[in-house]
Amino acid sequence: MSSIDRFEENLKFKTKETFGYLLRFAMNPIQEIKALPHWGYKHLFLVHLILSIASGVLAGLVTLNYLNVLFGIFLLPVISIVMILILTAFFYYYFQVFERRTVPMQSLLTLIIFANWPFFIFQIGSHYLPPLTLLGFAFTGLLLVVGLTKNFQLEKKKSIRLVLILFSVIFLVWLWNQIDLRRMDRM
């Protein structure tokens, strides 16, 4: 068997394994967030990149605006990767400072990427119904609570408090943005 054949076989296996997990996750996210896959950084970023591009393109198509489609292809993936990295770093240092223990960065990144799925799904229709963004973040928060509790043994009470603080900040930013958008529409 040549190295090209082995590469193709490995790629087929990895693709099948990835789609299998993604399908299981889509069917039962709360159960699947409790036992995350052990994928490498490249694999995680590729899955996240594909999801963010798909979400951005669909959101652009829903608005029937080609600029929004281009935003979904080029800018949304960059913005979302920066945000997941910031959120991963936040949780990483939270564990070090407040819990006095180190957790695997790659496991946190995996949790953050998969917990963000509801946001990406609800974001598709948020142009027409802006509170869908908050609903997506609420489901993301639920997955974060379950994931932090089950994967990192963080007390449920602490997980809820931490996620509520993050959700409050997101809500305030969202509200500020909605007020600014209304002001610009009046001009």
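Bear in mind that the values here come from a model prediction, so they are computed numbers and not experimental data.

Here we look at the nonpolar core
Counting residues in each nonpolar core, the largest one holds 36 residues, and the members touching the most others are Ile33, Phe91, Phe95, Leu108, Phe114 and Leu148. Of all the secondary structure elements, the ones that give two or more residues to this core are helix H1 (3–27), helix H3 (41–63), helix H4 (66–98), helix H5 (105–115), helix H6 (117–123), helix H7 (131–152) and helix H8 (156–186). The contact partners of phenylalanine 95, leaving out residues within four places of it in the chain, are Arg100, Arg101, Val103, Leu108, Leu148, Phe152 and Leu154.

Examining a nonpolar patch on the surface
On the surface, Tyr66, Leu67, Leu70, Phe71, Ile73, Phe74, Leu75, Val78, Ile79, Val82, Met83 and Ile86 cluster together into a nonpolar patch covering about 1200 Å² of accessible area. Mapped onto the secondary structure, isoleucine 79 falls in helix H4. Taking relative accessible area as the criterion, isoleucine 79 reaches 39% and is therefore assigned partly exposed.

Quick notes on the packing of aromatic side chains
Counting across every chain of the model gives 16 aromatic pairs. An angle of 55° between the planes, with centres 5.1 Å apart, marks the rings of phenylalanine 25 and phenylalanine 114 as tilted. Taken together, the positions of phenylalanine 25 in helix H1 and phenylalanine 114 in helix H5 put the pair 89 residues apart, joining distant regions of the chain. Given the relative accessible area of 0%, phenylalanine 114 is considered buried. Following the ring pairs from residue to residue traces out a cluster consisting of Tyr21, Phe25, Trp39, Phe114 and Trp117.

Considering the confidence of the model for the chain
Here the chain averages 94 in pLDDT, while 99% of its residues score no lower than 70. Looking over the chain, one finds the lowest element-wise mean pLDDT in H1, namely 90, and the highest in H5, namely 98.

Section: the layout of surface pockets
Counted as a void, the largest pocket has a volume near 1300 Å³. Elements that contribute at least two residues to the lining of the largest pocket include exactly H3, H4, H6, H7 and H8. Looking at the lining of the largest pocket residue by residue, the class counts come to 23 nonpolar, 15 polar and no charged. Within this model, the second largest pocket holds a volume of roughly 340 Å³. Together, 13 residues line the second largest pocket, and Thr18, His43, Leu46, Val47 and Ile50 are the ones closest to its centre. Contributing elements (two or more residues each) for the lining of the second largest pocket: H1 and H3. Considered class by class, the residues forming the lining of the second largest pocket number eight nonpolar, three polar and two charged.

Quick word on the side chain of threonine 110
With respect to the secondary-structure elements, threonine 110 resides in helix H5. There is a polar contact of 2.8 Å between the side chain of threonine 110 and the backbone oxygen of glutamine 106. In this structure, threonine 110 is in contact with Leu36, Pro37 and Leu44, ignoring residues within four places of it in sequence.

Considerations on H7
The first and last C-alpha atoms of H7 sit 30 Å apart over 22 residues, in line with the 32 Å expected at 1.5 Å per residue. A positive phi of about 50° marks glutamine 153, the residue just after H7.

Description of the packing of H3 against H4
Relative orientation of the contacting elements H3 and H4 amounts to 140°, with a least axis distance of 8 Å. Between H3 and H4, the angle is such that the two are oblique. Crossing hand, H3 versus H4: right-handed. Taken together, the residues of H4 that come into contact with H3 (itself represented by Phe45, His48, Leu49, Ser52, Ile53, Gly56, Val57, Gly60, Leu61 and Thr63) are Asn68, Val69, Gly72, Ile73, Leu76, Pro77, Ser80, Ile81, Ile84 and Leu85. Among the residues forming the contact of H3 with H4, the class breakdown is 12 nonpolar, eight polar and no charged.

The rules we used
Residues numbered from 1 in each chain as written. Predicted model: local features only at pLDDT ≥ 70, side-chain atom pairs only at ≥ 80, totals over all residues. Heavy atoms only, no water. Core = buried A, V, L, I, M, F, W, Y, C linked by side-chain atoms within 4.5 Å. Buried < 20%, exposed > 50% of the residue type's maximum accessible area, 1.4 Å probe, protein only. Helix = DSSP H or I, 4+ residues; strand = E, 2+ residues; numbered from the N terminus. Contact = heavy atoms within 4.5 Å. Patch = residues over 30% accessible without salt bridge, like charges linked within 9 Å, V, L, I, M, F, W, Y side chains within 5 Å. Areas by Shrake-Rupley, 256 points an atom, 1.4 Å probe, with all protein chains shown as cover. Salt bridge = Lys/Arg side-chain N within 4 Å of Asp/Glu carboxyl O. Phe/Tyr/Trp six-rings, centres within 6.5 Å; stacked < 30°, edge-to-face > 60°. pLDDT = per-residue confidence, 0-100. 1 Å grid on protein atoms, 1.4 Å probe; cavity = no way out; pocket = protein on both sides within 12 Å on 5 of 7 lines; lining within 4 Å. Points joined across faces, edges and corners; volume = space filled by probe spheres on them. Nonpolar A, V, L, I, M, F, W, Y, C, P; charged D, E, K, R; others polar. Polar contact = N/O pair within 3.5 Å; in protein donor to acceptor, adjacent residues only side chain to side chain. Expected span 1.5 Å × (residues − 1). Axes fitted to C-alpha atoms, helices over the stretch in contact; angles between N-to-C directions. Parallel < 35°, antiparallel > 145°, perpendicular 65-115°, else oblique. Left-handed = near helix turned anticlockwise from the far one by under 90°.

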